[in-house]
Structure formats: C-alpha cells, structure tokens
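Chain residues, written in single-letter form:
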Amino acid sequence: MSRVLVTVQDLYHFYGSRLVFKHVAFSLEQGMAVLVTGENGAGKSTLLKCVAGLVRPSGGQVARHVGDHEIAYMGHATFVYPSMTAVQNLDFWNRMYGLGRCEKDLLALLERVSLKVHAFERARGFSRGMAQRLALARILLLAPRVILLDEPSTGLDTGSCELLFHEIETARHNGAGIMWVSHDISRDLAQTDHVLRLAGRAMDFWGTTRAFTEGGHDVH
Ligand SMILES: Nc1ncnc2c1ncn2[C@@H]1O[C@H](COP(=O)(O)OP(=O)(O)OP(=O)(O)O)[C@@H](O)[C@H]1O
C-alpha cells in the first residue's frame, strides 16, 4: 500500500471575512501526481501554501507525515538571489540545509535543468525561464518527498516544460508525492493521476484523472 504523506481534512480558509474555500479533504500519497485546478481566485495558491505550512488555515487539519525539510514548495517567487551565480545560489541552499554536496554535484544538478553553461554567471542576468529552472534545481537538490509547485511552467519554453515534466515523473517514480497548480489542464492532465478542483468556494472535484475525464469535466 502507498504511504500517505499528507492528510487534509475539512479544510477551510478565510481572508478577513471572505471565505476562500471550504470542504477540502484529500490524502497525498507516495508516487501521486495531483493537478490542482480552478478559476483565477479560486484559492489554489492558498491551498498549496496551507499544505506547505506557509499559511495557517482558518480551520480543518493538515497533517504532514514527513519532516519539514522533506517538503519543497515553489511559489510565484523563485527565491533566486540575483547577486550570486547559479552555482552559488544552489550552494546557499546546500549549506543552509546542511546537505554537504560538493561543487561537482551542484554542477550535475545544473546540467539536469540545462543551466550548466550558465553555472558561473550571476543570476541577475537570467531570464524568467532560467530563474524558474534554477528554482527547480533547488527543489531537486533537496530530494523532497512532498513537492508543491505553483504554476511551475510559468516562463518556460516547450523544451524546459518537457524537462520539468521529466523531473516531476522521476521524482514521482522515486516515491515523492507531487501537487502542482496549473491552468493548462489539457497539456498537464496526461502527467497526473489525480485532480483536485476548486470552484464555488469549495473543493468540487477530488479523484482520479480518469474519473475526471470520464466524468465529462472541461479539460480546456
Ligand atoms: N494574503 C492575502 N490576503 C487577502 N486576500 C488574499 C491573500 N492572498 C490571496 N487572497 C485572495 O484570496 C483569493 C484566492 O487567492 P489565490 O491566490 O489562492 O487564488 P488562485 O486560485 O491561486 O488564483 P490565480 O489562479 O489567479 O493564481 C483571491 O480572491 C485573492 O485575492
């Protein structure tokens, strides 16, 4: 049986007096890839932050069955330090988490995200897509068991998107549980096995991707 990594029960959240969502309940298991979808403002980013522990929900439970350092979150901000080179950026996180990786390992990671040729350039000159790939390398460095990605393909060209999906698939194959927010359901659905959709200030779908598509849900 797959191991449960995160359990969410009866979650709801208000910003001030405004209800963002209620009735959110699901379990993220090892090897699961979940697409989180819904219209603008439906609360997808808020939900991911609640799961990551970055937003304290107004009510309900988020039980994380993994250590804090085993959860990686990539939001809209890339947390790339512009005055550092790509490799220095990775080394910063390497030291911060006490991972003890050598420069060769960091360069190998940069190669995985097609940034090795820019390893010794300051990140200030990086395009949005390059910064996003460096942020992905930071996630890979941590080898997390729970990966939470908020619109990770923002700024990525087709090749970089393929690279992202390849890394998602590899992490999933290695037993990570992954949730990512996307508006491009028709493109991303094939990479997932579960779908969570927020609509009408509640979770209006949670289930397998197959049930989602067979249920006639709009995938465009
Ligand atoms: N820190 C905050 N304080 C107050 N309201 C907020 C805050 N963050 C988000 N909101 C509001 O909560 C609602 C949900 O926002 P959220 O960013 O979670 O939605 P989303 O589904 O990710 O949207 P999008 O698809 O546009 O990225 C929106 O109406 C937003 O304006």
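Scroll up to find the structure.
Residues numbered from 1 in each chain as written. Predicted model: local features only at pLDDT ≥ 70, side-chain atom pairs only at ≥ 80, totals over all residues.

Colleague: Looking at this model, I keep getting lost on unusual backbone geometry. Mind explaining?
Modeller: The phi dihedral of Asp 10 is positive, around 45°, even though this residue is not glycine. Relative to the assigned elements, Asp 10 resides in strand β1 (residues 4–15). Classification of Asp 10 by C-beta neighbours within 10 Å gives exposed; the count is 12. Here the phi dihedral of Ala 143 falls at roughly 45°; this positive angle occurs in a residue that is not glycine. Take Ala 143: it is sitting in the loop between α4 (128–142) and β6 (146–150). (Helix = DSSP H or I, 4+ residues; strand = E, 2+ residues; numbered from the N terminus. Buried ≥ 20, exposed ≤ 12 C-beta atoms within 10 Å, placed from the backbone.)

Colleague: Hey, could you run me through the packing of helix α2 (residues 86–96) against helix α3 (residues 103–112) in this one?
Modeller: How two helices sit against one another is set out by the angle between their axes and by the gap between those axes. Direction vectors running N to C along α2 and α3 enclose 115°, while the axes themselves pass 10 Å from each other. As for the relative orientation of α2 and α3, their crossing is right-handed in sense. The segment α2 lies against α3, with Ala 86, Val 87, Leu 90, Asp 91 and Asn 94 engaging Glu 103, Leu 106, Leu 107, Leu 109 and Leu 110. Residue composition of the contact of α2 with α3, by class: seven nonpolar, one polar and two charged. (Axes fitted to C-alpha atoms, helices over the stretch in contact; angles between N-to-C directions. Left-handed = near helix turned anticlockwise from the far one by under 90°. Contact = placed C-beta atoms within 7 Å. Nonpolar A, V, L, I, M, F, W, Y, C, P; charged D, E, K, R; others polar.)

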